[in-house]
Amino acid sequence: MRRIRSVAVLAAVLGAAGMPARAGSETPPKGPPWVRDFHEAQVGALKEGKPIFVYLTKTH
Amino acid sequence: MEEQLLPREELRPAYGQAVWLYVYRDFSKSPADLAAERVCLRFGMTAFPQHFLVHPGTLERLADTGRELKGFPATVDRVKVPASRSVEPAERVLAADVRAAALEKSGSVDAARKSIDDPDVLVRFRALEILAGKDPRPLASRAAALLEVPNDPFRFLLCEALKKAADPAAAAALEEVAREPQGSLNPNVLRIRAVDALGACGGASSVEVVRPFAASGEWRNGLTRTSVDALAAIAARVPAARTQVRDALAGAYPAPPADAAEARMCVSLAEVVHGALEKVTGRKVRFPDPYDAAARERLAKAWK
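Residues numbered from 1 in each chain as written. Chains lettered and ligands numbered in written order. Predicted model: local features only at pLDDT ≥ 70, side-chain atom pairs only at ≥ 80, totals over all residues.

**Focus on the overall build of chain A**
Quick note on the threshold: Counting from the N terminus, the helices are the DSSP runs of H or I reaching at least four residues and the strands are the DSSP runs of E reaching at least two. Put plainly, a residue is buried at 20 or more neighbouring C-beta atoms within 10 Å of its own, exposed at 12 or fewer, and partly exposed in between, counting only other residues' C-beta atoms, which are placed from the backbone.
Along chain A, the regular secondary structure elements total two helices and two strands. Within the span of chain A, comprising 60 residues, buried residues form 30% of the whole.

This is the structure:
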């Protein structure tokens, strides 16, 4: 139990410190201005005349 | 890899040249996960991670940037999409999502039969889910057309449904996919699914299609064992194909590797081939220890 709590605290500290997202993370990689909603991305891309860069990943 | 690549300073100019969509699946079936599943199904994704550029109107895949910095900004810069006053394509997708959800909720076989030819691939997938579970038999007569749907999750599920239908009417179309899994983003897995279905639907003509996969000796590839099992299943259903299957399996004993670490997997595959031959022929032949090149040669002749 103590170990689980320690891992949770460590994760919270790393998150707060702005560490880069892990592969397969709910948090997208830093850099691009990410959109999480497909409809929003499609409407934005149509109006702005841009392709959609789709990045698909999953939990590991 | 992407976590290091995408924040790179050199990619900064590309940030304004595309709309960046992040889709994450945790398989929790939460609303966010289900929304991500819809995107994955629409783009036919069966392996992760993946990234690519798509046209927002047609959802056609326009380019792959690759996973190296070299060429990435140039690829994004090269892909041009004209601005549109209409957001009708986005509304069309929303409407299809509504149809797909209604179909899924109803579970109706009648509605699924009508929706299997829907213009939207997600709706077709939901229709197929229902038919695969409740009424797969009529799919066999339409196998050729349906296996051409350029979407791997759809084709994987269709192969499962055709296996369940166990109708020889699907054999020729499955053989075609096994020979050449055209347009697949995951061709080996599509082949595995098609060969597996051929075990239930295939006949003598399927044996020649499956034979090279069984005889590949690639013990790390799931296709090899699936092919051995499919051949044995064909022999069990089609007496006229038994001799042909026996010969195909006798040629499927894998070549013992030079690397001792690989030997265990090689022997394991050889035992699977051996077991299949015993079932097909109804005979018992002692499996040799050690399994080496000479033993392999003796075994191949032992079943004639």
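**Here's the deal with the packing of helix H9 (residues 171-179) of chain B against helix H11 (residues 204-214) of chain B**
Residue and element names in this part refer to chain B. Heads up, the rule is: Lines fitted to the C-alpha atoms define the axes, with helices restricted to the stretch that makes contact. Angles between their N-to-C directions range from 0 to 180 degrees. Between 65 and 115 degrees an angle is taken as roughly perpendicular, under 35 as roughly parallel, over 145 as roughly antiparallel, and anywhere else as oblique. Whether two residues are in contact is decided by their C-beta atoms, placed from the backbone, lying within 7 Å. Basically, the charged four are Asp, Glu, Lys and Arg, the nonpolar ten are Ala, Val, Leu, Ile, Met, Phe, Trp, Tyr, Cys and Pro, and anything else, Gly included, counts as polar.
The geometry of H9 relative to H11 is characterised by a closest axis approach of 10 Å and an angle of 10 degrees between their N-to-C directions. Classified by the interaxial angle, the pair formed by H9 and H11 is roughly parallel. Contacts between H9 and H11 pair Ala171, Glu175, Ala178 and Arg179 from the former with Ser205, Ser206, Val209 and Val210 from the latter. Among the residues making up the contact of H9 with H11, the classes are represented as four nonpolar, two polar and two charged.

**Quick word on the pairing of strand E1 (residues 19-25) of chain B**
For the record, the criterion: When DSSP finds two or more bridges between two strands, those strands count as paired.
The buried count for E1(B) comes to seven of seven residues, which makes it a mostly enclosed element. Residues Val19(B), Leu21(B), Val23(B) and Arg25(B) point to one face of E1(B) and Trp20(B), Tyr22(B) and Tyr24(B) to the other, with burial holding for every one of them. Inspection of the sheet shows strand E1 (residues 34-35) of chain A paired to E1(B) by two bridges, in the parallel sense. Along E1(B), the bridge assignment pairs Trp34(A) with Trp20(B). As paired strands, strand E2 (residues 52-58) of chain A and E1(B) are joined by seven bridges and run parallel to one another.

**Examining the sheet that holds strand E3 (residues 61-63) of chain B**
Reading across the sheet, the five strands line up as E1(A)-E1(B)-E2(A)-E2(B)-E3(B) and stay open at both edges, with mixed pairing between neighbours. The strands lining the two open edges of the sheet, one partner per strand, are E1 of chain A together with E3 of chain B. Direction of pairing for strand E2 (residues 50-54) of chain B relative to E3(B): antiparallel, over a ladder of two bridges. Bridging across to E3(B), Val54(B) finds its partner in Arg61(B). Sitting on the sheet, helix H2 (residues 38-48) of chain A is in contact with E1 and E2 of chain A together with E1 of chain B, with an inclination near 165 degrees to E1(B). Across the sheet, helix H2 (residues 31-42) of chain B touches E2 of chain A together with E1 of chain B, and the angle it forms with E1(B) is around 115 degrees.

**Observations concerning the nonpolar core**
Residues and elements named next belong to chain B. We count it as follows: To count as a nonpolar core, a set of buried Ala, Val, Leu, Ile, Met, Phe, Trp, Tyr and Cys residues must be joined through C-beta atoms within 7 Å. The split into domains, and so the bounds of each, comes from an automatic or database assignment of domains.
The biggest cluster of nonpolar side chains holds 97 residues, and the ones touching the most others in it are Leu21, Leu162, Leu174, Leu231 and Leu249. Inspection of this core shows a minimum of three residues originating in each of domain 1 (2-79) and domain 2 (98-135). Not counting residues up to four positions away in its chain, the partners in contact with leucine 174 are Ala143, Leu162, Ala194, Ala197, Leu198, Cys201 and Gly202.

**Focus: the interface of chain A and chain B**
The partner chain B presents 43 residues to the 35 residues of chain A that form the contact. Looking at the side of chain A that touches chain B, the elements with two or more residues in it are E1, H2 and E2 of chain A. Sheet analysis places E2(A) next to E2(B), joined by five bridges and oriented antiparallel. Paired with Phe53(A) across the two strands is Leu53(B), which belongs to E2(B).

**Brief notes about the confidence of the model for chain A**
All names here are of chain A. For the record, the criterion: Values of pLDDT, which run from 0 to 100, indicate the predictor's confidence residue by residue.
Chain-level pLDDT for chain A is 73 on average; 60% of the residues reach the 70-or-more range. Looking at the elements of chain A, mean pLDDT is at its lowest for helix H1 (residues 2-16), recorded as 41, and at its highest for H2, recorded as 97. Contacts for the low-pLDDT stretch residues 1-21, under 50 throughout, to residues beyond four places or in other chains number eight contacts.

**Re helix H14 (residues 260-281) of chain B**
All names here are of chain B. Under the convention used in this document: In a helix, the anticipated span is given by 1.5 Å times the number of residues less one.
In a regular helix each residue adds 1.5 Å, so 22 residues correspond to 32 Å; H14 covers 31 Å between its end C-alpha atoms and thus fits that length. Taken together, the buried residues of H14 touch helix H12 (222-237) and helix H13 (242-250). Positive phi shows up at glycine 282, right after H14, with a value of about 75 degrees.

**Section: H2(B)**
Residues and elements named next belong to chain B. Compared with the 16 Å implied by 1.5 Å per residue over twelve residues, the 17 Å span of H2 between its first and last C-alpha is a close match. When H2 is considered as a whole, its buried residues turn out to be Ala36, Arg38, Leu41 and Arg42. Against the buried residues of H2 lie E1, helix H4 (88-106), helix H6 (121-134) and helix H8 (152-165). Positioned one or two residues after H2, glycine 44 has a phi angle of 70 degrees, which is positive.

**Section: the pairing of E2(B)**
With respect to burial, E2(B) is a largely interior element, four of its five residues being buried. If you look at the hairpin formed by E2(B) and E3(B), you'll find six residues sitting between the two strands, and Leu59(B) has a positive phi there, around 65 degrees.

**Topic: the environment of Glu40(A)**
Position of Glu40(A) among the secondary structure elements: in helix H2. A tally of 13 C-beta atoms within 10 Å means that Glu40(A) is categorised as partly exposed.

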